[in-house]
Amino acid sequence: MKAISIVGCKKSGKTTLGLALTKKLTEKGFKVGVLKHSHHGFDGAEGTDTEEYKKTAVAVAAYSPEESFVSWKRERMVQDLIPLLDADILIMEGSSKEGWLPRFILADRSEDSDKFMPELAIEILPQLNREKGLDEEEIERLAELVCSRGFLLPGLNCKACGRQNCKEFAADIVAGKASAKGCKTTAGEMEVTCNGNPVALNPFVRDILSAGITAMLGQLKGYTPGELQITIKNTGK
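Residues take numbers from 1 onward in each chain, read along the sequence in its written order. Residue-level local features of this predicted model are given only where pLDDT is at least 70; pairs of side-chain atoms are given and counted only at 80 or more, and the full residue set underlies all totals for whole chains, interfaces and linings. The basis for the side-chain values is all heavy atoms of the structure; hydrogens and waters are excluded.

**Focus on empty space enclosed by the protein**
Phase 1 of the analysis: Only protein atoms enter the 1 Å grid used here. Points where a 1.4 Å probe fits but cannot escape make up a cavity, open sets with protein on both sides within 12 Å along at least five of seven lines make up a pocket, and a residue lines them when an atom lies within 4 Å of a point. Grid points are joined across faces, edges and corners, and a volume is the space filled by probe spheres set on the points. Summed over the entire model, instances satisfying the criterion amount to 1 cavity of 30 Å³ or more.
Phase 2 of the analysis: Approximately 90 Å³ is the volume attributed to the largest cavity.
Phase 3 of the analysis: Lining the largest cavity are 13 residues, and of these Cys158, Cys161, Cys166, Phe169 and Cys183 lie nearest its centre.
Phase 4 of the analysis: Across the lining of the largest cavity, the residue classes tally to 8 nonpolar, 3 polar and 2 charged. By the convention adopted, Pro, Cys, Tyr, Trp, Phe, Met, Ile, Leu, Val and Ala count as nonpolar, Lys, Arg, Asp and Glu as charged, and the other residues, Gly among them, as polar.

Right under this line is the structure:
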């Protein structure tokens with residue numbers, strides 16, 4: 001999944017840019033999911049913004065200290081919400097502390113942009129006027145940047161890539177010093193998916209699971225070494 005975060009001060013134009021990108025990427029044939037964060041819940045303008053996203057996006061998820069969609073009445077980890085979005089590209093608005101994906105920063109002053117992890121910025125943009133918006137050429141350019149440079153790390157901070165956390169790895173990817181394909185949680189001889197979505201595995205956990213499953217199956221008749229495929233249908237019972 002490609003992904004981009006849009007961060008900036010209040011009324012800096014985050015939603016204006018998010019809505020424009022959602023529309024443009026949808027026109028390009030992508031299924032776009034939107035994940036929106038609010039510090040104050042979703043009444044008033046925040047609720048209106050969410051409804052605007054629903055007009056174009058294939059899926060919209062939102063979370064705040066009081067409420068989350070769909071549809072928990074408490075804040076959940078972002079990683080809990082992302083698998084629910086059947087999307088090719090994730091546009092995440094707000095929550096500037098998430099350091100495992102690149103971002104556009106909307107800020108007119110460098111001291112403002114410094115608050116939003118500029119080392120993860122694909123580009124720092126001037127704040128937008130909600131009424132004026134962006135012209136077609138600029139939206140096209142930014143949409144292409146999302147397609148070419150967007151990425152999503154699992155946020156496990158497992159250190160298997162040689163960095164202290166996913167933020168350091170993400171910064172190296174943005175700087176052109178690394179590739180998202182170098183993430184060790186999606187590489188290896190064991191792969192787990194949930195409802196068709198890959199589940200990131202800490203390499204240590206992956207090795208333990210692989211060794212344990214192989215050892216147990218080795219005691220069964222009919223088992224021979226080779227590629228294994230196991231399907232578990234969890235009905236929630």
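We are not done yet, so read on.
**With respect to the environment of lysine 167**
Phase 1 of the analysis: Helix and strand assignments follow DSSP, with helices taken as H or I runs no shorter than four residues and strands as E runs no shorter than two, numbered in order from the N terminus. Tracing the backbone shows lysine 167 in helix H6 (residues 166–174).
Phase 2 of the analysis: Sequence separation between lysine 167 and lysine 97 is 70 residues, and the spatial gap between their C-alpha atoms is 9.8 Å.
Phase 3 of the analysis: Those residues in contact with lysine 167 that lie beyond four places of it in its chain are Gly99, Met117, Glu119 and Leu120.
Phase 4 of the analysis: A 3.5 Å cut-off defines polar contacts: any pair of N or O atoms within that distance qualifies, except that in protein one atom must be a possible hydrogen donor and the other a possible acceptor, and neighbouring residues in sequence count only when both atoms are side-chain atoms. Among the polar contacts listed, one links the side chain of lysine 167 to the side chain of glutamate 119, at a separation of 3.1 Å. Contacts: residue pairs with any heavy atoms within 4.5 Å of one another.

**Points about the pairing of strand S6 (residues 103–106)**
Phase 1 of the analysis: Going residue by residue along S6, you find Arg103 and Ile105 tucked away on one face and Phe104 and Leu106 tucked away on the opposite face as well.
Phase 2 of the analysis: As paired strands, strand S1 (residues 2–8) and S6 are joined by 4 bridges and run parallel to one another. Its bridge partner being in S6, isoleucine 6 is matched across the sheet by phenylalanine 104.
Phase 3 of the analysis: As judged from the 4 bridges shared by S6 and strand S7 (residues 121–125), these two strands associate in the parallel manner. Residue phenylalanine 104 lies in a different strand from S7, and its bridge partner there is glutamate 123. Exposure is judged per residue with a 1.4 Å probe applied to protein chains only, and the accessible area is read against the type maximum: over 50% gives exposed, under 20% gives buried, and values in between give partly exposed. For two strands to be treated as a pair, DSSP must find at least two bridges joining them.

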